[in-house]
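Each chain, letter by letter, is given below.
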Amino acid sequence: MTLNPTDLRTYPVQPKPCRTCPFAGRNPIELLPERYQHFLANLFGQGQHLCHSVDNQKICRGGREIQLRWLCLIGALNEPTDEAFNAAVDEVMRKLNDKAQSL
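Because the structure is predicted, anything quoted here is derived from the model rather than measured. Within every chain, residues take consecutive numbers counted from 1 along the sequence as written. With the structure being a predicted model, the display of local features is reserved for residues of pLDDT at least 70 and the display and counting of side-chain atom pairs for 80 or more, all residues being used for whole-chain, interface and lining totals. Excluded from the side-chain calculation are hydrogens and water; included are all heavy atoms of the structure.

Turning next to the packing of aromatic side chains. The aromatic pairing rule takes the rings of Phe, Tyr and Trp, using the six-membered ring of Trp, and pairs them if the centres are within 6.5 Å, calling planes under 30 degrees apart stacked, those over 60 edge-to-face and the rest tilted. Inspection of every chain in the model, using the stated rule, returns three aromatic pairs. Ring centres of Phe-44 and Trp-70 lie 5.0 Å apart, and the angle between their planes is 25°; on these two criteria the pair is classed as stacked. Note that Phe-44 is positioned in the loop between helix H1 (33-43) and helix H2 (61-73) and Trp-70 in helix H2, a separation of 26 residues in sequence. Taking relative accessible area as the criterion, Phe-44 reaches 32% and is therefore assigned partly exposed. Taking the relative accessible area as the measure of exposure, Trp-70 reaches 26% and is therefore partly exposed. Among the aromatic residues, those joined into a ring-pair cluster are Phe-23, Tyr-36 and Phe-39. Each ring is checked for a lysine NZ or an arginine CZ that lies within 6 Å of its centre and within 35 degrees of its normal; such an atom marks a charge sitting over the ring. The aromatic ring of Phe-85 is capped on one face by Arg-64, whose charged end is 4.1 Å from the ring centroid. In DSSP terms, a helix is any run of H or I states spanning at least four residues, a strand is any run of E spanning at least two, and both are numbered starting from the N terminus. Throughout, exposure labels follow a simple rule: accessible area from a 1.4 Å probe, protein chains only, divided by the maximum for the residue type, with under 20% read as buried, over 50% as exposed, and the rest as partly exposed.

Structure below.
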């Protein structure tokens, strides 16, 4: 699948956090609290965080883990896994397509 910047479902997810991951790395990049909060707000409502160590070509594993746990806490996922995340996205997309076709 070709990477499509307007569809983050086309991006693979890093298998594990990189060494300098601000969310889960052994030697995390230091971020100002405001910048870290900005990244979290994105994960909690708008999208994914791309991994800086692979030139933004994969979804950040550390950010995804935070996002998966949050989505479980609010009841959007039954379990904090990539598979559950992908199934939920597919379901939302199916519903949107069904709605668009009924208009």
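With that out of the way, let us pick up the side chain of Arg-61. Tracing the backbone shows Arg-61 in helix H2. On the basis of relative accessible area, Arg-61 is assigned to the buried category, the value being 10%. Any two residues whose heavy atoms approach within 4.5 Å at even a single point are treated as in contact. In contact with Arg-61, not counting residues within four places along its chain, are Val-13, Gln-14, Pro-15, Lys-16, Pro-17, Leu-68 and Asp-82.

Moving on, we come to the pattern of salt bridges. What makes a salt bridge here is a side-chain nitrogen of Lys or Arg within 4 Å of a carboxyl oxygen of Asp or Glu, nothing more. The full count for this structure, using the stated rule, is seven salt bridges. A salt bridge links Arg-61 to Asp-82; its shortest N-O distance comes to 2.5 Å. You can see Arg-61 sitting in helix H2 and its partner Asp-82 sitting in helix H3 (residues 82-102), a full 21 residues away along the chain. Each of Arg-61, Arg-64, Glu-65 and Asp-82 takes part in one network of salt bridges that share partners.

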